[in-house]
Amino acid sequence: MVNKNKLQQLATKAIKIIFSLFLFLSLSQSAWADRPKVGLVLGGGGARGAAHVGVLKVLEREQIPIDYIAGTSMGAVVGALYASGNSAVEIEEILRGIDWQRALSDKGPRSEHSISSKKNDVEFAISFEAGIRDGKIGFPTGLLQGQQLELLLRRLFADVSHIKNFDELSIPFRAVATNLATMKPMIFDSGDLSTAVRASMSVPGAFEPVHYNDMVLVDGGIVDNVPADVAREMGADILIIVDVRTPLFSAAELNSIGAVLNQVINGLMTAETDRELSNLGPDDILIYPDLRDLSSADFPRSPEAIAWGEEAAVGHLAQLKTLRLPAADYAAHESGRAIAATAPPQINQINVGHESIDTQNTVAALLGWQEDQPLDIERLESGITEIYSDGRHSKIQYEVVPNGDITDLDINLTDKSWGPTVVEAALRVSDNFDGDSNFLLSVETLTNHINSRGGKWINRARLGIRTGIFSEFYQPLSANHRNFIAPSLEYTARNVNVTSTTDQTIWRDQRGIFAIDVGHAFGNHAEIRLGYELGHADTRIIVGDTIIDSATNFTISQLTLEYLRDTLDDSAFPKTGLFFDAKINHPLESLGADANSPAYFLDIYKPVSVGRGTFLFGLSANGATDDDLIFQEILSLGGITRLSGYQPDELFGRYTGLASIGYYRRMGSDKDSLLGTPVYIGGSIEAGGVWFTRDDISTDSLQMAGSIFAGIDSPIGPIYFAYGHAEGGVNSIYLNVGSLFRRLPRR
């Protein structure tokens, strides 16, 4: 009986304990469920937006739950990363690991460009282009099309690319863009997350607008830079707002057109933001980090803002702690937030969105896709970059699309709206302090997709010390465009200075040539061409008495063989890689050639970087196996880094040789900004000569020369100012718009 009573008492106590625990948990759960919903508002500010990460670190440390996120521009980037399940520390690692120089360009790493694109940018290094469409000249609507930025965003959000409803992210999320036609906000609550973020940060003028559902979208900061209203509409009771706007200039700083225009735009955004923030409630928390001298465009410095954002959030701890959850409740809140990385999906098929069948086949061939291969993002991006570098498309996008039990890869290519013909230019100007100056203006037009098999029509015109026109039809013969045929026509006219020990004469050389090449590209790093050239040359004396005993009017008929290897990482300021170009012209007397000796050409450039500086070693050798026809090839030296001090093409001979060592060093910070202009200084030492006969060639006849220069890698391309000096008191100054270390065209 006693034992039975004790058991009843113990059972009663156990029931009371369980009931009390259940009641406590129910009340705790109810309190947690009934707590105010917290919305995080992350404002736009370009690179300054990295401060959001510092704020997130404090919120996590203090166990502040976030129920909704609304972001604009850089705030949309950070907000989307956090809503996708990344922690603050993980986002910090992501920002520190971003190659901003690559992200804020369109063509991407030069190592991934097609070899035909590399050949073009050795001479035409200008990054800004115009176009011709329907007989009218057009221009891009942004300095950047955002090609590499979009690839970056797709890589960052790959693990959540299947989520199309943004409420289904680990934290409900909204990105804000501006509808340029209506000047109203476009609030993304669904769709493709990468596209939403890309639209939200599409700075007008800097980036091409995003075309989405018949809308033209630009940066959301234009109309709603701090989208507190959006977070409130999502259901937030209390807002934590992080405002990273760029402060207005002082009166003393308004000293240029750019500063004034920037102030007007920034002022309008500031007024709208202040109006938005005037509606905050007493419990809302506004954090305004002190971001010192960090500009909105200085993305590589953006990680510095993380500590400043953390510092600002710590200053609001008293308010923030009122939102704090107990450790167990916060752990429960966070437990479902992380999104596990998924294995690369097996791609069933590639769907290429372009009207051209050839383009569809080319894309598939260059990507090397085979059925049921897993998605290789690195390989995909490399292939897209190579296709993009050929200049036809303004944008190439991809999207992984679940399709029932299988997964497809959609690739959409957008042709340039200012094409199909694009125009590029390069300029060289020099003066020798003695009344002699000259220039060379080169203009190229490239018309893509002449036919269904991807043919290209390339036209070049030159005016100045070398006048001429060149037209080539480049026809791929295979789906991957590795094999090709390229017929061309060329006419050139130039003055040739011929100097002897007693006299100097000037000749006018004119020649027209038809050529046809067949070739093969070895991936995107090398090319070989075998061709035939047929033409006529007419070289006549215009100043002085002839001192040359050689035919000056002759027929050209020759086989050509050329091998080009180009792995330079940059055509303007290379730091790694190799440029190697070797060519042989073999006359065919049986087909009418007047020359009987083969001519050869060799150009090698090899950069070697040491710390922040780079040495560029150069070697050039050109000539023939016999001295019989002086004007068989017009070989010359002169110009910056090619016996500096002399005017371009001032020295002529049957043979030329040149060895050079150049050095350049980037000044200031190693970091690149969105619209920055990196400055380089450097110089060169050269030894070379020109000779009429092989017997004349000796080390004693070499001339020494050198140069100093300053260059900027501007948004439109490299620009140089240089001074050159050669033995004998020969001096010149040079201005180059385009690559400094590039050979001039051989003809």
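Residues numbered from 1 in each chain as written. Predicted model: local features only at pLDDT ≥ 70, side-chain atom pairs only at ≥ 80, totals over all residues. Heavy atoms only, no water.

### Things to note about the domain arrangement of the chain
Turning to step 1, where the next piece is worked out: Examined at the domain level, the chain breaks down into domain 1 (38–106 + 144–336), domain 2 (346–415) and domain 3 (421–737).
Turning to step 2, where the next piece is worked out: Summarising the inter-unit geometry, the C-alpha centres of domain 1 and domain 2 are found 30 Å apart.
Turning to step 3, where the next piece is worked out: Each partner contributes to the interface: domain 1 provides 15 residues, whereas domain 2 provides 13 residues.
Turning to step 4, where the next piece is worked out: Where domain 1 abuts domain 2, roughly 1200 Å² becomes buried across the two surfaces, and 46% of that area is made up of carbon and sulfur atoms.
Turning to step 5, where the next piece is worked out: Three residues, Q147, L151 and R154, lead the burial of domain 1 against domain 2; their summed loss comes to 39% of the area buried on that side.
Turning to step 6, where the next piece is worked out: Viewed at the interface, domain 2 and domain 1 are joined by two salt bridges.
Turning to step 7, where the next piece is worked out: The closest approach of N and O atoms between R155 and E381, which form a salt bridge, is 3.0 Å.
Turning to step 8, where the next piece is worked out: Scanning the region where domain 1 abuts domain 2 turns up six residue pairs in polar contact (both at pLDDT 80 or more).
Turning to step 9, where the next piece is worked out: With six residues, helix α7 (residues 147–156) is the largest single contributor of residues to the side of domain 1 that touches domain 2. (Domains from an automatic or database assignment. Contact = heavy atoms within 4.5 Å. Buried area = accessible area lost by both parts, 1.4 Å probe. Salt bridge = Lys/Arg side-chain N within 4 Å of Asp/Glu carboxyl O. Polar contact = N/O pair within 3.5 Å; in protein donor to acceptor, adjacent residues only side chain to side chain. Helix = DSSP H or I, 4+ residues; strand = E, 2+ residues; numbered from the N terminus.)

### Observations concerning the sheet that holds strand β13 (residues 346–353)
Turning to step 1, where the next piece is worked out: Strand order in the open sheet formed by four strands is β14-β13-β16-β15, and the pairing between neighbours is mixed. Because the sheet does not close on itself, it has two edges, and the strands there are β14 (373–374) and β15 (393–403).
Turning to step 2, where the next piece is worked out: Alignment of β13 against strand β16 (residues 406–415), held across six bridges, turns out to be parallel. Note on β16: the bridge partner recorded for N351 is D410.
Turning to step 3, where the next piece is worked out: The sheet strands contacting helix α15 (residues 357–367) are β13, β15 and β16, and the helix crosses β16 at an angle near 120°.
Turning to step 4, where the next piece is worked out: On top of the sheet, helix α16 (residues 377–389) reaches β14, β15 and β16; it is set at about 150° to β15, its chief contact. (Pairing = 2+ DSSP bridges. Axes fitted to C-alpha atoms, helices over the stretch in contact; angles between N-to-C directions.)

### Structural notes on the packing of aromatic side chains
Turning to step 1, where the next piece is worked out: Counted by the stated rule, this structure contains 15 aromatic pairs.
Turning to step 2, where the next piece is worked out: Between F615 and Y663, the aromatic rings sit 4.8 Å apart at their centres with planes inclined by 50°, giving tilted as the arrangement. Highlighted residues: F615 in strand β27 (residues 613–624) and Y663 in strand β30 (residues 655–666), separated in sequence by 48 residues.
Turning to step 3, where the next piece is worked out: Residue classification places Y663 among the partly exposed positions, given a relative accessible area of 27%.
Turning to step 4, where the next piece is worked out: Here the guanidinium or amino end of R337 rests over the ring plane of Y82, the centre of that ring lying 4.0 Å away.
Turning to step 5, where the next piece is worked out: One residue, K456, lies across the ring of Y474, its end atom 5.1 Å from the ring centre. (Phe/Tyr/Trp six-rings, centres within 6.5 Å; stacked < 30°, edge-to-face > 60°. Buried < 20%, exposed > 50% of the residue type's maximum accessible area, 1.4 Å probe, protein only. Lys NZ or Arg CZ within 6 Å of the ring centre and 35° of its normal.)

### With respect to helix α4 (residues 88–97)
Turning to step 1, where the next piece is worked out: Residues of α4 that are buried include every one of A88, I91, E92 and L95, and no others. The buried residues of α4 occupy an angular sector of 105° when the element is viewed end-on, so they sit on one face. Away from its buried face, by an angle of more than 90 degrees, α4 presents the exposed residues E93 and G97.
Turning to step 2, where the next piece is worked out: Among the structural elements, α2 (51–61), α3 (74–83), α5 (100–103) and α12 (304–314) are those in contact with the buried residues of α4. (Arc of directions from axis to C-beta.)

### Considering the pairing of strand β34 (residues 730–737)
Turning to step 1, where the next piece is worked out: Across five bridges, the pairing between strand β17 (residues 421–431) and β34 is antiparallel. Pairing of R428 across the sheet is with N736, part of β34.
Turning to step 2, where the next piece is worked out: Note: strand β33 (residues 717–726) against β34, eight bridges, orientation antiparallel. When the bridges of β34 are listed, I719 appears paired with V737.
Turning to step 3, where the next piece is worked out: Hairpin connection of β33 to β34: three residues between the antiparallel strands, including G728 at a positive phi of 90°.

### Side note on the side chain of Q475
Turning to step 1, where the next piece is worked out: Within the fold, Q475 resides in strand β20 (residues 466–476).
Turning to step 2, where the next piece is worked out: Among the residues examined, Q475 registers a relative accessible area of 11% and is labelled buried.
Turning to step 3, where the next piece is worked out: A distance of 2.5 Å separates a polar atom in the side chain of Q475 from a polar atom in the side chain of N451.
Turning to step 4, where the next piece is worked out: What Q475 contacts, discounting residues up to four positions off in sequence, is N451, R453, G455, N483, F484 and I485.

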